[in-house]
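This is what each chain is made of:
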Amino acid sequence: LNHVSRETNDVARLSAWYQTVLGFEPIQRPAFPFGGAWLRLAPNIALHIIEADPDAGPLQTTPRVEPRFIRRGPHLAFTVVDVDVVLGLLRAHGVDHHINT
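Definitions and limits used
- Residue indices begin from 1 for each chain and proceed along its sequence in written order.
- Note on the predicted model: pLDDT of at least 70 is required for a residue's local features to be given, and 80 or more for side-chain atom pairs to be given and counted; whole-chain, interface and lining totals, by contrast, use all residues.
- Side-chain measures were taken over the full set of non-hydrogen atoms in the model, leaving aside hydrogen atoms and water.
- For helices the rule is a DSSP run of H or I covering at least 4 residues; for strands it is a run of E covering at least 2, with both sets numbered from the N terminus onward.
- For every residue, the accessible area obtained with a 1.4 Å probe (protein chains only) is divided by the maximum for its type, and the residue is called buried under 20%, exposed over 50%, and partly exposed between those limits.
- It only takes one pair of heavy atoms within 4.5 Å for two residues to be counted as in contact.
- A pair of strands counts as paired when DSSP detects no fewer than two bridges linking them.
- Here the axes come from fitting lines to C-alpha atoms, over the contacting stretch only for helices, and the angles between their N-to-C directions go from 0 to 180 degrees.
- We define a salt bridge as a contact between a side-chain nitrogen of Lys or Arg and a carboxyl oxygen of Asp or Glu at a distance within 4 Å.
- A pair of aromatic rings is counted whenever rings of Phe, Tyr or Trp (Trp by its six-membered ring) have centres within 6.5 Å, and the orientation is called stacked for planes under 30 degrees apart, edge-to-face for over 60 and tilted otherwise.

1. Some thoughts on the environment of Val-11
Now for step 1: Here Val-11 shows up in helix H1 (residues 11-22).
Now for step 2: Val-11 gets classed as buried once you look at its relative accessible area, which sits at 15%.
Now for step 3: If near-sequence neighbours (up to four positions away) are discounted, Val-11 is found in contact with Gly-35, Gly-36, Ala-37, Ile-49, Ile-50 and Glu-51.

2. With respect to the sheet that holds strand S2 (residues 25-27)
The pairing of strands in a sheet happens through backbone hydrogen bonds and is either parallel or antiparallel.
Now for step 1: The mixed open sheet is built from four strands, whose spatial order is S1-S4-S3-S2. Looking at strand neighbours, the two that pair on one side only are strand S1 (3-8) and S2, the edges of this open sheet. For this sheet, the mean angle separating the axes of adjacent strands, direction not counted, is 35°.
Now for step 2: Inspection of the sheet shows strand S3 (residues 36-42) paired to strand S4 (residues 45-51) by six bridges, in the antiparallel sense. Residue pairing across strands places Leu-39 opposite Leu-47, the latter belonging to S4.
Now for step 3: Packed on one face of the sheet, H1 meets S1, S2, S3 and S4 and runs near 155° to S4.

3. Remarks on the pattern of salt bridges
Two side chains of opposite charge can pair, provided their charged atoms sit close to one another.
Now for step 1: Going through the model one piece at a time under the given rule, you end up with one salt bridge.
Now for step 2: Between Arg-13 and Asp-10 there is a salt bridge, and its shortest N-O distance comes to 3.8 Å.

4. Quick word on the packing of aromatic side chains
Now for step 1: Within the structure shown, the criterion is met by four aromatic pairs.
Now for step 2: Where Trp-17 meets Tyr-18, the ring centres are 5.0 Å apart and the plane angle is 90°; that geometry is what we call edge-to-face.
Now for step 3: When the ring of Phe-32 is compared with that of Trp-38, the centres are 6.2 Å apart and the planes differ by 50°; the resulting orientation is tilted.

In short, the description is geometric, and any link to function would need to be established separately.
Here is the structure:
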């Protein structure tokens, strides 16, 4: 895996969220003719935040689902060193989350 991408209407806000809440580090991005940001997820894996193309129509959003259906819907999953630290960060930032047990 080289990277995953997320499309957004607000690159700065989404980039700041991943940096502030999850601690992702910005990395150099080529000078594409559209906005975006690249963030490091792991040593060789990046998150590409891509500015939505205004000519492509409205962004498709994933509807909010009940926690019991999360495993089957679109999602990102991360392995972390200390789950309690990450849960504290999510709670501190008011991020809705669910723990599968």
